[in-house]
Amino acid sequence: MKNIIHIVKLSVGTESVDSLLSWQKSRAAAHPEGLPFHITRMWPKREDEILAGGSVYWVIKGSIQARQRVRGFEEVIGGDGIRRCAFILDPEIIRTAPALKRPFQGWRYLKPEDAPIDLAAGRENDDALPPELAGALADIGIL
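This structure is a prediction, so every number in the text was calculated from the model and none was measured.

1. Quick look at the nonpolar core
Of all hydrophobic cores here, the largest spans 16 residues; its most connected members are Ile 50, Val 56, Trp 58, Val 70, Phe 73, Phe 87 and Leu 89. For this core, the secondary structure elements donating two or more residues are α1 (17–28), β3 (55–60), β4 (63–77) and β5 (83–89). Apart from the residues lying within four places of it in its own chain, the contact partners of Phe 73 are Trp 43, Pro 44, Glu 47, Ile 50, Leu 51, Cys 85, Ala 86, Phe 87 and Ile 88. Counting residues in each nonpolar core, the second largest holds eight residues, with Val 8, Val 59, Phe 104 and Leu 110 among its members.

2. Focus: the pattern of salt bridges
Evaluated as defined, the whole model comprises seven salt bridges. Salt-bridge contacts for Glu 15 lead to Lys 61; the nearest nitrogen and oxygen are separated by 3.0 Å. Of this pair, Glu 15 sits in the loop between β1 (6–10) and α1 while Lys 61 is found in the loop between β3 and β4, placing the two residues 46 residues apart along the sequence. Across the pair Asp 18 and Arg 95 runs a salt bridge, and its minimum N-O distance is 2.6 Å. Here the residue Asp 18 occupies a position in helix α1, and Arg 95 occupies one in strand β6 (residues 94–100), the gap between them amounting to 77 residues.

What counts, and at which threshold
Residues numbered from 1 in each chain as written. Predicted model: local features only at pLDDT ≥ 70, side-chain atom pairs only at ≥ 80, totals over all residues. Heavy atoms only, no water. Core = buried A, V, L, I, M, F, W, Y, C linked by side-chain atoms within 4.5 Å. Buried < 20%, exposed > 50% of the residue type's maximum accessible area, 1.4 Å probe, protein only. Helix = DSSP H or I, 4+ residues; strand = E, 2+ residues; numbered from the N terminus. Contact = heavy atoms within 4.5 Å. Salt bridge = Lys/Arg side-chain N within 4 Å of Asp/Glu carboxyl O.

Listed below in structure tokens is the structure:
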């Protein structure tokens, strides 16, 4: 069995999981397969581990709130001639238990054992707790 690794990435300018979903739906039409994607400057060195079942965990408003499976990577050459990497994502966004995350640039690897759990079905529309409280509850295993 292959090792799996995830990626954690800031969703800059996103106000909520719903706004991430709306933004991706509007942009997905630009990909030939209609799939959401995210372009980043660096190509992951651990590509095989990500493709073995990894996800992008999205940081929104200071906490990880959702994830998407990574389906593949594609080379994109910008108008400036610079090679970039497009993360091709599954269209399903899975909400996770909130986990506080300090700001950072780019993306980071995330070990499966450090990833927040997926929210149970039916909890997607629960009223959001303040991020600090949600993070503390997640840390002690209540969320």
